Structures are given as structure tokens and as C-alpha cells.
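In case you want the letters, here they are:
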Amino acid sequence: MSEATSTGATKKREPLSIVGGRSGFEPRYIKDHLAKYIVWTGGLGVIGALLLIFVYLASEVAPLFGDADVRARKTMKLPGDQGETLFLAAEEQGEVGMRVSKTGQVVFFDLFTGHARQTLSLPIDGKTLTSVYPIDHDKGLLAAGLNDGSVLIFQHRYKQAYPNDVRVITAELSYPRGEQPLVFASGPISHLAVRDNGDALMIVGSETEGSIQIKRFEQATSLFGDVTVTELPVQILVPEINPDILLLNPLLQWLYVIDQPAGKIALYQLKGDGPPQLIDVQEVGAEISKASYLAGGISIIATQADGRVTQWFPARKGSGEQYLARVREFRVPGDTPATAIGVETRRRGFAVGDSAGWVTMFYATSGARVHRERIFDHAVARIVFNPRAQLRLALSVDGDLSVSDVHNEHPEVSFKALWSKVWYESYDQPDYIWQSSSASADFEPKFSLMPLSFGTLKAAFYAMLFAVPLAIMGAIFTANFMSPSMRQAVKPTVELMEALPTVILGFLAGLWLAPFVETNLLGVFLTLLLLPLSLPLFGYLWLRMPRSIRLRVPAGWEAALIIPVIASVVWFCFLVAPPMEALIFAGNMQAWMDHTLGIGYDQRNALVVGIAMGIAVIPTIYSIAEDAIFSVPKHLSLGSLALGATPWQTLIGVVLPTASPGIFSAVMIGMGRAVGETMIVLMATGNTAVMDPSLFQGLRTLSANIAVEVPESEVGSTHFRLLFLAGMVLFVFTFAFNTLAEIVRQRLRRKFASL
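Reading the values: the criteria
- Residues numbered from 1 in each chain as written.
- Predicted model: local features only at pLDDT ≥ 70, side-chain atom pairs only at ≥ 80, totals over all residues.
- Heavy atoms only, no water.
- Helix = DSSP H or I, 4+ residues; strand = E, 2+ residues; numbered from the N terminus.
- Rg over C-alpha atoms; globule rule 2.2 N^0.38 Å.
- Buried < 20%, exposed > 50% of the residue type's maximum accessible area, 1.4 Å probe, protein only.
- Contact = heavy atoms within 4.5 Å.
- Lys, Arg positive; Asp, Glu negative; His and termini not counted.
- Charge placed at Lys NZ, Arg CZ, Asp CG, Glu CD.
- Pairing = 2+ DSSP bridges.
- Axes fitted to C-alpha atoms, helices over the stretch in contact; angles between N-to-C directions.
- Parallel < 35°, antiparallel > 145°, perpendicular 65-115°, else oblique.
- Left-handed = near helix turned anticlockwise from the far one by under 90°.
- Nonpolar A, V, L, I, M, F, W, Y, C, P; charged D, E, K, R; others polar.
- Arc of directions from axis to C-beta.
- Polar contact = N/O pair within 3.5 Å; in protein donor to acceptor, adjacent residues only side chain to side chain.
- Core = buried A, V, L, I, M, F, W, Y, C linked by side-chain atoms within 4.5 Å.
- pLDDT = per-residue confidence, 0-100.
- Phe/Tyr/Trp six-rings, centres within 6.5 Å; stacked < 30°, edge-to-face > 60°.
- Lys NZ or Arg CZ within 6 Å of the ring centre and 35° of its normal.
- Salt bridge = Lys/Arg side-chain N within 4 Å of Asp/Glu carboxyl O.

Draft legend 1. Spotlight on the overall build of the protein. A count of helices and strands for the protein gives 16 helices and 31 strands. A globule of 755 residues ought to have a C-alpha radius of gyration of about 27 Å, yet the protein, at 38 Å, is considerably larger. Along the three orthogonal principal directions, the C-alpha set of the protein runs to about 130 × 90 × 55 Å. Taken across its 755 residues, the protein has 48% of its residues classed as buried. In the protein, 56% of the contacts between residues at least 6 apart in sequence involve partners at least 24 apart. Seen as two clouds, the 61 positive and the 67 negative side-chain charges of the protein have centres 13 Å apart.

Draft legend 2. Spotlight on the sheet that holds strand S25 (residues 358-363). In space, the 4 strands of this open sheet follow the order S23-S24-S25-S26, with antiparallel pairing throughout. Each edge of the open sheet carries a strand with a single partner, namely strand S23 (338-343) and strand S26 (368-374). Going across the sheet, the axis of each strand differs from the next one's by a mean of 20 degrees, ignoring polarity. In this sheet, strand S24 (residues 349-354) lies alongside S23 in antiparallel orientation, the contact comprising 5 bridges. Paired with Val343 across the bridge in S24 is Phe350.

Draft legend 3. Structural detail: the packing of helix H11 (residues 606-630) against helix H13 (residues 647-676). For the pair H11 and H13, interaxial distance at closest approach is 8 Å and the crossing angle is 155 degrees. The pairing of H11 with H13 is recorded here as roughly antiparallel in orientation. Every pair of crossing elements has a handedness; the one defined by H11 and H13 is right-handed. Contacts between H11 and H13 involve Met613, Ala616, Val617, Thr620, Ile621, Ile624, Ala625, Ala628 and Ile629 from the first element and Val655, Leu656, Ala659, Gly662, Ile663, Ala666, Val667, Ile669, Gly670, Arg673 and Ala674 from the second. Considering only residue class, the contact of H11 with H13 consists of 16 nonpolar, 3 polar and 1 charged.

Draft legend 4. Molecular detail of the sheet that holds strand S16 (residues 254-259). An order of S15-S16-S17-S18 is seen for the 4 strands of this open sheet, with the pairing classed as antiparallel. Only two strands of the sheet have a single partner each, and these edge strands are strand S15 (245-248) and strand S18 (277-283). Strand-to-strand twist in this sheet, taken as the mean axis angle between neighbours without regard to direction, amounts to 20 degrees. Of the strand pairs in this sheet, S16 and strand S17 (residues 264-269) are connected by 6 bridges, and their pairing is antiparallel. Note that in S17 the partner of Leu255 across the bridge is Tyr268.

Draft legend 5. Local environment of helix H10 (residues 589-597). Among the residues of H10, those classed as buried are Met589, Gln590 and Met593. Summarising the axial view, the buried residues of H10 lie within an arc of 105 degrees, below the 170-degree limit, and thus occupy one face. The secondary structure elements touched by the buried residues of H10 are helix H6 (502-519), helix H7 (521-543) and helix H9 (559-584). Where H10 starts, the residue carrying a side-chain oxygen 3.2 Å from the main-chain nitrogen of Gln590 turns out to be Asn588.

Draft legend 6. Summary view of unusual backbone geometry. The backbone phi angle of Asp125 is positive, close to 55 degrees, even though this residue is not glycine. Positionally, Asp125 belongs in the loop between strand S5 (116-121) and strand S6 (129-136). Overall, the relative accessible area of 70% leaves Asp125 in the exposed class. Positive phi values are uncommon outside glycine, yet Asn164 reaches one of about 55 degrees.

Draft legend 7. Summary view of the nonpolar core. Formed by 87 residues in total, the largest nonpolar core has its most connected members in Trp434, Val517, Leu521, Met613, Ile621, Ile629 and Leu722. With 15 residues, H11 is the largest single contributor of residues to this core. Apart from residues no more than four positions distant in its own chain, Leu722 is found in contact with Leu64, Val413, Leu418, Trp434 and Phe447.

Draft legend 8. Representation of the confidence of the model for the protein within the structure. Here the protein averages 88 in pLDDT, while 95% of its residues score no lower than 70. Here residues 1-21 is a poorly scored stretch, pLDDT under 50, and it has 3 contacts once near neighbours within four places are set aside; other chains count.

Draft legend 9. Seen up close, the environment of Pro176. You can see Pro176 is positioned in the loop between strand S9 (168-174) and strand S10 (191-196). Among the residues examined, Pro176 registers a relative accessible area of 48% and is labelled partly exposed. If we ignore the near neighbours within four places in the chain, the residues touching Pro176 are Leu141, Ile153, Phe154 and Gln155.

Draft legend 10. Quick peek at the packing of aromatic side chains. Overall, the coordinates contain 18 aromatic pairs when judged by the stated rule. Relative to Phe362, the ring of Phe330 has its centre 5.4 Å away and its plane inclined at 55 degrees; by these criteria the two rings are tilted. Within this pair, whereas Phe330 is found in strand S22 (residues 322-331), its partner Phe362 is found in strand S25, the two being separated by 32 residues in sequence. Comparing Phe330 with Phe362, the two get one shared label, buried. Ring centres of Phe461 and Tyr462 lie 5.3 Å apart, and the angle between their planes is 70 degrees; this geometry places the pair in the edge-to-face category. Assessed through its relative accessible area of 47%, Phe461 is described here as partly exposed. Classification of Tyr462 by relative accessible area gives buried; the value is 17%. Taken together, the aromatic side chains of Tyr56, Phe720 and Phe724 make up a single cluster linked through ring pairs. When the ring centre of Tyr323 is taken as origin, the NZ or CZ atom of Lys317, which lies over that ring, is 5.6 Å away. Note that Lys634 overlies the ring of Phe630, its terminal NZ or CZ placed 4.9 Å from the centroid.

Draft legend 11. Molecular detail of the environment of Ser437. Tracing the backbone through its elements, the reader meets Ser437 in the loop between strand S30 (434-435) and strand S31 (446-447). When its relative accessible area of 43% is taken as the criterion, Ser437 is described as partly exposed. For Ser437, the contacting residues outside a window of four places in its chain are Phe443 and Glu712.

Draft legend 12. Highlighting the side chain of Ser483. In this structure, Ser483 sits in the loop between helix H4 (450-480) and helix H5 (484-496). Judged by relative accessible area, Ser483 falls into the buried class, the value being 7%.

Draft legend 13. Focus on the pattern of salt bridges. Taken as a whole, this structure holds 29 salt bridges when the rule is applied. In this structure, the salt-bridge partner of Arg388 is Glu92, at a minimum N-O distance of 3.4 Å. Placement of the pair is Arg388 in the loop between strand S27 (380-385) and strand S28 (391-396) and Glu92 in the loop between strand S2 (85-90) and strand S3 (96-101), with a sequence separation of 296 residues. Here Arg388 falls in the partly exposed class, since its relative accessible area comes to 38%. A salt bridge links Glu709 to Arg700; the nearest nitrogen and oxygen atoms lie 2.8 Å apart. Accessibility classification places Glu709 together with Arg700 in one group, the buried group. A network of salt bridges, in which partner residues are shared, links Asp306, Arg308, Arg326, Glu329 and Arg331.

Laid out in C-alpha cells, this is it:
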């Protein structure tokens, strides 16, 4: 009977054990597994979405760091006579080339076949050309020096027509100063430099004895359109060095005189009718083979016999004295002597040809070597780019012409240009600069991401400096000391602030807070100083009050007493600020800081951003930290109190260590939001991309820069892709912050799990 009972009982319990062991058919078990897989799938979806964002950003950024793609189109013989080629050019579309020979013959030829399209002769009456100098590459304006000392100004232009929807380019020559050459010197001009800025034409040339002549033609246009040309007297300059190469800048301000064998460069400043003033003479350390202006007419590039290429432009020392600065150096691999140099007409790119037939392409601003290839077995005589820099012509000493298509969209970008100091034109020293556009076509783009990254961290730092103490202390008081009824009113109110649009905060910060802080700067400082001191003092005095008075305030409602204290302290600070400012700072604290301490003050600065963005970040940090502190098990704190610890000791020793993972997560999430904030920093910072840690200077963040400049950027341009790079840097910032927060949070959880 007992066995049967036992067996029967066992048999009756078997289904229960199967159900208790979760056979797989229990609805609760199915729901649990279903929820697990749904969460798992959602987590993978989030990770996949983040990866897709990263891949998209990387795809837009990757072309910035690619090398130039140069593809040979054809190698041909130059058409025309057998005279020496003095000038070579290609029109903008890369279809028609132009050659000017020593005899004055101008040949326009097809850059695909090499056949001559049109042959013209300059009106030089049997004279020969000694040199051809490009006055303006974009306009096709040239100056030809003749063997009798005269100068002929001519222009090559190209007209486009579309008969039967087929593009036809027609070349022509014109003579803006007339077909009669301008009288300049009495004998052959060995070296020539000519510039025309619209109001004046200046001709600089050196004769065989080494002196330099400078002749200026002033042009004035009357209200009726009559043009009057005034020929100014010739100036004679005896240079400090032998004038083998002359370079004149487009604004007729600077003249470079280069002694090739001695390797010396002299810089002269031209002052209208006054005599040229010698500014500086520099030795490059080797023989100079070629020299040319870069686009923009500020920097010059000099190639040396030892394979080095150096960039120079005028700069100022700390004392204000001008000098010729050696900005950067490039090196041709193999240290072979350079025999030719060609510059891009609209960017700071250039190419160097050497005696072994190699052509190396560089970009001046980024300091990068973008391409190198050997195209001849002999020395390179000339290198030319068309105005769009999409076509490169290279001429050998044997008369072979190599035509190559160039795809080099983003030469301005390199790691050094993005993250290191760069010496830009017209600056006195290397610096971190972001300036993506300008009104001038000769502008040198400045794409350093350092000011934007610095501004992002600066804004986040001051915002967190303002927000973290208030949010954490408020969360501690609300969760640990405030009465439940008051907590139910305070916590939702603070969390409701998180729903306030940041554009509203930015609007108020820019149009109200920034002028208010500027007008009441001393009052703001007094408030920031006295308010943290007055609250502990009030708490101490409250504890010293008679017990009968303290018991009238219900437990947990002491925070209500702080409101009038805060209002009174703030009112007092702004009341005493004006007389204190008049007494101590002569009525203007900003001017006193500027004159006495050397600290400038911008109305929209980091102080305003710290306050405004701090207010935006406080609800996030407060809500998460308060939940973490309030969620600490009550038996831990009650046990601590039962063992004789004070509430403060319990808070420090038990509650905060247990809640520390959540508090740290709150701070890092707030930091992530501060780093990615856009509208507040866009409207309240002044958007000045400077690297100044001062609390009173403006800034520009990565997010604000993207918001401001994306609408004006050209799709696919370097500027456009750099904005994606800025977004990628911001993505990496936030990813790093979140990863760090998770690592630290997990370690804190393991450390305090035993409590």
C-alpha cells in the first residue's frame, strides 16, 4: 500500500515536475523568451543603426584622404615653329592649348590630337621675344618682353559656342593696351615682371648690367568713360644681389629679386612714387633653379639644386618689424635638381619637374605630397595647369608634351592641416585657424578642426561646472532629505524643464542673458561667490535656532525656507554691485579687466553658455542621479542608522557609494548632451572659432559649425566633406564618453555590489 501510494504520489508529481521544470509549453516561459529575443533584436538594431551612421560618415570623409589620380591622356610633339617655347597654357575646359615661341608665333592646338587649330603672330615687326610673363592667369593676360626693350601686352581668350549641341571653342588674341608695344628700356630685357591691377600697370625689368627699371602707368576713367593713361617717371633700383628672377605681386606692393647662383632672395616694398625699400635678404642654402608665385600672389615657391622646395612670404616679428619668412619646406624624393615648376592658378597646389623626368605634385597649405610619377626620360622644361587644375601639361627639353588629366579634389586636407598648427599666408606665426570661406577668390582656406574641438570641450566644461554641483546636490537632497509630498512636486517640475526646447534657451541666452550679464557682471560674480557661502551659513544658523521654532517646520520641508534666502542674497548682490563697481573698477569692470589684466570681454562668451547650457543639462543629470539615489535599498540606510551612524554618515558611507554607478552615468549622459548641444551654443557664443580658455571669450563648437555652414557648402566639396568629418569627430566624442561611462559604471557596480 505504501509502495503504491508512494508510486502513485510519484506519478502524480511527475507532471508537476515537468511543469515546474518548464517543459516549454508554459505561457509565462514563452513570453519570457519572446521578450528576451525582442530586446536582443532591438539592441542589435540600435548597434546596427550606429554602425550604419558611422559607415555613412566614413564614406563621405574617406575621399578627403585619397591621393591625386593622374591619368596620361597623350604624349605629342608641340606644333609650330622650331623656336624656343617661352610660354605654354591650356584653356579652362582642357581642350585647347596655347604655345608662344621666341619668334612671336602663337599656336593654338588640340590637346587630344596635338594638331594645330590656329596659328597667329604677335605684331612685333620682325623683333624677337626675350621673355613672357603672366600678368593674370584667369584673364589670360600676358606681357612679352622684346629684344629692343619694349613690352607688348596681349591676351588670349576662348569663346564657346554650341552649334548642333556640340561644344566648339574658338581662340583669339586681343591687345588691351594697343598693338603698339610700350616703350620701357633702351636695350634687351633679360628678366621681366609685369602686373596690372586695373588702376595701374607696372613693368619691372632688369638689363644686362644688373640694374632694375620700374615703370608705372596710371589709368583713370572719367564719368563719361574716357580713359586717361599717365606714364610716371622710370625708377632705377640697384639691388643688393644679382637680379636673375623678378617676381611682382598683383597689388604692386612687393618685389622679389632672386639671385640664382648665390641662392639669395631679396624682398623690396614698393611705395608708389617713392623709392623701393629693402625689407629683408634671405639665403636659402643652395642654388635656386626656379621660382614662382603661388595663387593669391602672397607666397612664392623656390626650387633648389639640392632637391628642396621652400615657401616664403612677408611676415612680422613681435616688434612689428617686417621680414621674409621661410614658411615650410618640401623635398623632392631623390634630391634631384628641379628644372621646372608649375602652379595652380586658383589653389595653392604646384608641381615640380626634375632633371630625371619626374613630376612631383605638392599642396602648400597642407604640406602634403599628393602625387609623383616619371613621365620623361629627360629633364622637364615646363609644367602648366589649366585654370581648373584638371589638366596638367609637362614639356620636356626634347620638345615632347605630356598631357594628363588630374583628379585632385581635396589637396588641402592632411592630418597636419587638421590637427596641427599651420602657418597661413598673411599670418605672423603658425596657428590653429578655421576659416572656410571669404569674399576673395584668392583666399587660402583654413580647415583646422582644433578650434572647433576645443570650443566643444570648452562649452561642455563650463556647462558641467555649472550644472553638476546643482544637479547632484539637488538630487541628494530630494531623494534623501525631502518629504515625499514635496518631492512629488519638485521632481516632476525639474524634469519638466527637460522638455523646454533648447532653441528657446538659446534665444533667451543670446538676446536677454548675454546683455544682462555684460551690464551686471560684478553682480553675477557676487552671486556666484556669495550664494554657495550663504546656504551653508543659513543651515548652520537654522540648527542653532530654538527647538520650538525648528519644530514648526515639518520634517523634509526645510528646503522651502531656502527660497527667500536665495532671493534675498541675489537681490543684495545686484544691489551692492553698482557702487562697488564704481568704487573699485572706475564704473566699468570689463574695461578694467582689459586694461589691467589684459583679459578681453565678448558679450556672448563661455560664461553665458555655461549658465544657459547648464540649465539645459541640469534636468537630465538631476533626474537620473535622483532615481539612482532614491533606489538605494532602504534596509541599507536604516541598518546604518540603527548602528548609530548619523544621516550624513549614512549618506556618505552607504547611499552614495551604492548609487555611484547611476550618478556617474548621469554625469556622463549630461556631458554627452552638452558636447552635442547645437542651438544654445549657436545663438549664445558669437561663433568665434578661437582657442582661448578665457571665460569671457566666445567659441565655436563642432555642432554649431555644422549647423551654420552646411547650408552654404557645395555638395562634394572639401568644405562639405570636412563638415561630415566634424560630425564624425562629434560622433566619436559621444561614443567615447558613453563607452567610458559604461566601463566605469560596471566597475562601480562590481565594487559596491557587496553592500
